[in-house]
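Fold and contact review
Each chain is listed here by its residues.
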Amino acid sequence: MQIEIRIGAIQEVEADAVVVNLMEGVTTPGGATAAMDQALEGRISRVLAAGDFRGRLGETLVLYTDGQILAPRVILVGLGPEASFNAEKVRHAAAAAAQRARELKARRLATVVHGAGRGGLSPEEAAQATVEGTLLGLYTYQRKKENAERPGPEVLQLVEFDATKEAAIAAGARRAEILARFVNRVRDWVNEPGSDMTPRRLAEEALGLAHEVGIRAQVLNEQQIAAMGMGALTAVSRGSEEPPRFIILEYAPEGRLERPVVLVGKGITFDSGGLNLKSEEGMATMKGDMAGAAAVLGATLAAAALQLPVPVVALAPACENMPSGKAYKPGDILRALNGKTIEIVNTDAEGRLILADALSYAARYNPRAVMDVATLTGAAIIALGQDVAAALFSDNEELAAALLRAAEATGERLWRMPLWEDYLERIRSDVADVKNSGGRYGGLGTSAMFLKQFAPEGVPWAHLDIAPMDIAEKARGYVPKGGTGYGVRLLVRYLEDPKP
Ligand code: BES
Ligand code: MN
Ligand code: ZN
């Protein structure tokens, strides 16, 4: 989609549909909506007086303009109540309007920049949210039948009356375009079937994009992974015919890679459970078990494309978890890259194993902070709810606070959970340093405590369990059903102002 900025009056633009907004409960519109109302000789006011449009978030109403203005249709979109208004509401409203425009088969869409006026957002923030909502809300997975012929608008025109805001709007729109490009790419990766999005394919995709944005990329193969001493990744991948990959992206702004933020992502391209085979229900969505890897790769590529000043490394261990005559077994003892040994209790607790090697590998960068992102546990979904929030664990207050702020700003919800020592006791083993499962109870806490044993010592660390968020069960606002791209915007937001 092409994004244009036009300085002028909203009621004077030429487009197939023009979007104006309204906050909930407002009876006399102001700003651009008032100007449009006047041009339409009070048509919007009459709709409001009749009580036919309340301004609820994402509510839309199409008005036909009968030649009163150049555009044949106006889409009125609700922003919700003023008291709770923020950038997240803009993304939601922009998506609703764009989806309505797509239904109307509008090719040229014009819109006000939601929230820049009465909403009190900065013009840059408002423009970014408006464009993000539009581009993310119009995403479709092209292999899905119903999407094959839903192209959506080709042009989005951002219309602003005040010329002094132009540069800020352009900057916000540009950021949004870059972010949406990578979020939507991550959605594609997650939506792709497991038999197509293999570890080799994921590595190829990462290499291709790394080349495009001009950052260093390296992919380790099976032999290199084993020779290095990644005993856990080697074991998990052994049951599959598909060879594993260890994907490394290094974004070094101005050639400097000192003290990078290292992002680690779980890249299980299909999780059958291994010999502890999952049920039909449990296995159905397990093509999404590489969403953590996709998110950290996407975020690192986006950070590079945005030219953020912070060095970033993405590490994505990728493999399948399959049962076979060669598969690793309950009772096996593995040695991770940092030398610690792991007793296998359950082959379905595989994510923490491949992350153990990747977190150990992170130490070589002398990182400023390490964050891992993983669809790690069903327990996270039990605790927080499907499509509701991801779980955050951290041993550093500043890092946790920065991530929670980024979550608030991006609408990618996080909820912090405790790292109590009790959880470590539950994963003590008689034959190894730790075991890979502490059983059903406290499964979220024990999984995080397991990972902490492999995070580089003395480095601020955070773990994001995104199992509730990788694939949306239901479409909501700017997040269509299916792969969500969760984590890309959150991590980039953190990288814009990393702490500690
Ligand atoms: N990939 C799953 C976790 C998951 C479940 C992600 C549902 C998304 C949706 C993970 O590898 C897993 O199987 N975890 C087990 C751990 C258990 C065996 C200790 C789980 O949560 O049941
Ligand atoms: Mn599993
Ligand atoms: Zn898994």
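Residues numbered from 1 in each chain as written. Chains lettered and ligands numbered in written order. Predicted model: local features only at pLDDT ≥ 70, side-chain atom pairs only at ≥ 80, totals over all residues. Heavy atoms only, no water.

1. Points about the side chain of Asn191
- With respect to the secondary-structure elements, Asn191 resides in helix 5 (residues 166-191).
- According to the relative accessible area criterion, Asn191 is buried, its value standing at 7%. (Helix = DSSP H or I, 4+ residues; strand = E, 2+ residues; numbered from the N terminus. Buried < 20%, exposed > 50% of the residue type's maximum accessible area, 1.4 Å probe, protein only.)

2. So, unusual backbone geometry
- Geometrically, the link from Lys499 to Pro500 is a cis peptide bond, its omega value of 0° lying close to zero.
- When you line up the elements, Pro500 lands in the segment after helix 16 (488-496).
- One non-glycine residue, Asn366, lies in the positive phi region at around 50°.
- Relative accessible area serves as the criterion here: at 47%, Asn366 is assigned to the partly exposed category.
- For Asp387, which is not glycine, the phi torsion reads 65° and is therefore positive.
- Considering the arrangement of structural elements, one finds Asp387 in the loop between helix 12 (378-384) and strand 15 (390-394).

3. Remarks on the coordination of the zinc ion (ligand 3)
- For the zinc ion (ligand 3), the protein coordination sphere consists of Lys266 (NZ), Asp271 (OD), Asp289 (OD) and Glu350 (OE), at 2.0 to 2.4 Å.
- Note that the zinc ion (ligand 3) binds 6 donor atoms; their angles at the metal cover 78 to 173°, and the shape is octahedral.
- Expressed as a motif, the donor residue spacing for the zinc ion (ligand 3) is K-x4-D-x17-D-x60-E.
- Separating the zinc ion (ligand 3) from the manganese ion (ligand 2) is a distance of 3.1 Å, and Asp271 supplies a donor atom to each of them. Taken as a pair, Lys266 in the loop between strand 9 (261-265) and strand 10 (267-271) and Asp289 in the loop between helix 9 (280-283) and helix 10 (291-305) lie far apart in primary sequence, 23 residues in all.
- The exposure class assigned to Lys266 is buried, which follows from its relative accessible area of 1%. (Donors = N, O, S within 2.8 Å, 3.2 Å for Na, K, Ca; no water. Tetrahedral: all angles 85-135°; square planar, octahedral: opposite > 155°, others 65-115°.)

4. A look at the domain arrangement of the protein chain
- Domain parsing of the protein chain yields domain 1 (2-161) and domain 2 (181-496).
- The distance between the C-alpha centroids of domain 1 and domain 2 comes to 37 Å.
- Listed by partner, the interface residues are 13 residues for domain 1 and 15 residues for domain 2.
- Of the roughly 1400 Å² buried at the junction of domain 1 and domain 2 (both faces included), carbon and sulfur atoms supply 50%.
- Considering only the surface of domain 1 that becomes buried against domain 2, Leu136, Tyr139 and Tyr141 emerge as the three largest contributors, covering 46% of it.
- Remark: the boundary between domain 1 and domain 2 carries 3 salt bridges.
- Among the salt bridges present, the one from Glu192 reaches Arg143, with a minimum N-O distance of 3.2 Å.
- Inspection of the region where domain 1 meets domain 2 yields 13 residue pairs in polar contact (both at pLDDT 80 or more).
- Of all the secondary structure elements, the ones that give two or more residues to the side of domain 1 that touches domain 2 are helix 3 (87-103) and helix 4 (123-137).
- Of the residues contributing to the side of domain 1 that touches domain 2, the split by class is 5 nonpolar, 4 polar and 4 charged. (Domains from an automatic or database assignment. Contact = heavy atoms within 4.5 Å. Buried area = accessible area lost by both parts, 1.4 Å probe. Salt bridge = Lys/Arg side-chain N within 4 Å of Asp/Glu carboxyl O. Polar contact = N/O pair within 3.5 Å; in protein donor to acceptor, adjacent residues only side chain to side chain. Nonpolar A, V, L, I, M, F, W, Y, C, P; charged D, E, K, R; others polar.)

5. Here we look at the sheet that holds strand 17 (residues 434-435)
- The strand order 12-13-17 describes an open sheet built from 3 strands, whose pairing is mixed. At either margin of the open sheet sits one strand with a lone partner, and together these are strand 12 (333-335) and strand 17.
- As judged from the 2 bridges shared by strand 13 (residues 341-343) and strand 17, these two strands associate in the parallel manner. Bridging from a neighbouring strand, Ile342 pairs with Val434 of strand 17. (Pairing = 2+ DSSP bridges.)

6. What about the sheet that holds strand 1 (residues 2-7)?
- Pairing is mixed in the open sheet, where 6 strands are placed in the order 1-6-5-2-4-3. Every other strand in the sheet has two partners, leaving strand 1 and strand 3 (60-64) as the edge strands with one partner each. If you compare each strand with its neighbour and ignore which way they point, the axes differ by 25° on average.
- Two strands pair when backbone bridges link them, and strand 1 and strand 6 (residues 155-160) are joined in this way by 6 bridges, in the parallel orientation. Residue Ile5 lies in a different strand from strand 6, and its bridge partner there is Leu158. (Axes fitted to C-alpha atoms, helices over the stretch in contact; angles between N-to-C directions.)

7. Considerations on the pattern of salt bridges
- One pass over the full model with this rule turns up 27 salt bridges.
- For Lys452, the salt bridge is made with Asp395, and the minimal N-O distance between the two is 3.1 Å. Taken together, the positions of Lys452 in helix 15 (residues 443-452) and Asp395 in the loop between strand 15 and helix 13 (397-410) put the pair 57 residues apart, joining distant regions of the chain.
- Its relative accessible area of 28% is what places Lys452 among the partly exposed residues.

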